[in-house]
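# Working through the structure, step by step
Below, each chain spelled out in residue letters.
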Amino acid sequence: DSGVTQTPKHLITATGQRVTLRCSPRSGDLSVYWYQQSLDQGLQFLIQYYNGEERAKGNILERFSAQQFPDLHSELNLSSLELGDSALYFCASSAGSGPGKEAFFGQGTRLTVV
Amino acid sequence: SQQGEEDPQALSIQEGENATMNCSYKTSINNLQWYRQNSGRGLVHLILIRSNEREKHSGRLRVTLDTSKKSSSLLITASRAADTASYFCATDANTDKLIFGTGTRLQVFP
């Protein structure tokens, strides 16, 4: 158990809908990362938050947004969903920010858009 | 886009054999990490090697880093069926981002 909790584990929704994925980082970790893993794109970095502030941005679509709350949990919001958004979404946390930090991954949320 | 590419994409071996996976990356780095992912599950950190290190060991794992060639290798010795998983390298490219490679799928047959 990595200590990172993601909910829900599975989500099936229709195109055009909006969903929210939730992540609770390991106790004491200030950084939260979001990744999307699909068969054709591999593991893609979406966004990182550190202590409530956006720290780094990757290949995150404009339809997607995220935030980190004062209690350090994070949410990833996906809107106007398309079939191609079906993927595993992982949250990871680390103790600090900057390079060289080991990331601890949650078990992921499997999103299926039908 | 991926920072790293693993080679081979897939590898099948018998228990007891050694497995070697290679990772090439594009930009300068501070550190390189290797992670393991069991099918459909979260990634688990295996080992971190810093840019000023050339080799590192952890149990049956040996990692090498050649910054001049922008490449790293992961060797798993005396493999076991339980080592069956996908293995990813990840680099920080001197930023806060941790960028993963394309992964190697390792299958170890009993």
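Scroll up for the structure.
Below is a summary of the structure that appears in this document. Keep in mind that this is a model prediction, so the values were computed, not measured.

Looking only at helices and strands, chain B has 0 helices and 11 strands in total. In sequence order, chain B lays out its α and β elements as β-β-β-β-β-β-β-β-β-β-β. Its C-alpha atoms give chain B a radius of gyration of 13 Å, within 12% of the compact-globule value 13 Å for 110 residues. Dimensions of chain B along its principal axes, counting C-alpha atoms only, are 40 × 25 × 20 Å. Per-residue burial for chain B yields a buried fraction of 46% across its 110 residues. A separation of at least 24 residues holds for 55% of the contacts in chain B among residues at least 6 apart in sequence. A total accessible area of about 5200 Å² is found for chain B, and carbon and sulfur atoms account for 45% of it.

A few words on the overall build of chain A. Scanning chain A from N- to C-terminus turns up 0 helices and 11 strands. Reading the helices (α) and strands (β) of chain A from amino to carboxyl end gives β-β-β-β-β-β-β-β-β-β-β. In terms of overall size, chain A behaves like a compact globule, its C-alpha atoms giving a radius of gyration of 13 Å where 114 residues would be expected to give roughly 13 Å. In terms of overall dimensions, chain A has a C-alpha envelope of 35 × 25 × 25 Å along the principal axes. Per-residue burial over chain A gives 51% buried out of 114 residues. Across chain A, the fraction of contacts at a sequence separation of at least 24, relative to all contacts at a separation of at least 6, is 55%. Within chain A, one finds 9 positive and 11 negative side-chain charges whose respective centroids are separated by 2 Å.

With respect to the helices and strands, Q37 of chain A occurs in strand β4 (residues 31–38). Of the polar contacts made by the side chain of Q37 of chain A, one reaches the side chain of Q37 of chain B; its length is 2.9 Å. Leaving out residues up to four positions away in the same chain, Q37 of chain A has contacts with G42, L43, A87, L88 and F90 of chain A together with Q37 and F88 of chain B.

Right, let's get into the sheet that holds strand β1 (residues 4–7) of chain B. Residue and element names in this part refer to chain B. Spatially, the 5 strands line up as an open sheet ordered β1-β3-β8-β7-β6, and their pairing is antiparallel. Looking at strand neighbours, the two that pair on one side only are β1 and β6 (55–58), the edges of this open sheet. On average, each strand axis in the sheet is inclined to that of its neighbour by 15°, with strand direction left out of account.

So, about the environment of G40 of chain B. Mapped onto the fold, G40 of chain B is located in the loop between β4 (31–37) and β5 (43–50). Judged by relative accessible area, which is 34%, G40 of chain B ranks as partly exposed. Put simply, G40 of chain B and Q9 of chain B are 31 residues apart on the chain and 17 Å apart in space, counted from C-alpha to C-alpha. Leaving out residues up to four positions away in the same chain, G40 of chain B has contacts with L88, Q107 and R110 of chain A.

What follows deals with the sheet that holds strand β1 (residues 5–7) of chain A. All names here are of chain A. Spatially, the 4 strands line up as an open sheet ordered β1-β3-β8-β7, and their pairing is antiparallel. Since the sheet does not close on itself, it has two edges, and those belong to β1 and β7 (64–68), each with one partner. This sheet shows a mean twist of 15° between the axes of neighbouring strands, independent of strand direction. One ladder, built from 5 bridges, connects β7 with strand β8 (residues 74–78); its direction is antiparallel. Bridging from a neighbouring strand, F64 pairs with L78 of β8.

About the criteria used
- Residues numbered from 1 in each chain as written.
- Chains lettered and ligands numbered in written order.
- Predicted model: local features only at pLDDT ≥ 70, side-chain atom pairs only at ≥ 80, totals over all residues.
- Heavy atoms only, no water.
- Helix = DSSP H or I, 4+ residues; strand = E, 2+ residues; numbered from the N terminus.
- Rg over C-alpha atoms; globule rule 2.2 N^0.38 Å.
- Buried < 20%, exposed > 50% of the residue type's maximum accessible area, 1.4 Å probe, protein only.
- Contact = heavy atoms within 4.5 Å.
- Areas by Shrake-Rupley, 256 points an atom, 1.4 Å probe, with all protein chains shown as cover.
- Lys, Arg positive; Asp, Glu negative; His and termini not counted.
- Charge placed at Lys NZ, Arg CZ, Asp CG, Glu CD.
- Polar contact = N/O pair within 3.5 Å; in protein donor to acceptor, adjacent residues only side chain to side chain.
- Pairing = 2+ DSSP bridges.
- Axes fitted to C-alpha atoms, helices over the stretch in contact; angles between N-to-C directions.

Shape is all these values report; function is a separate question.
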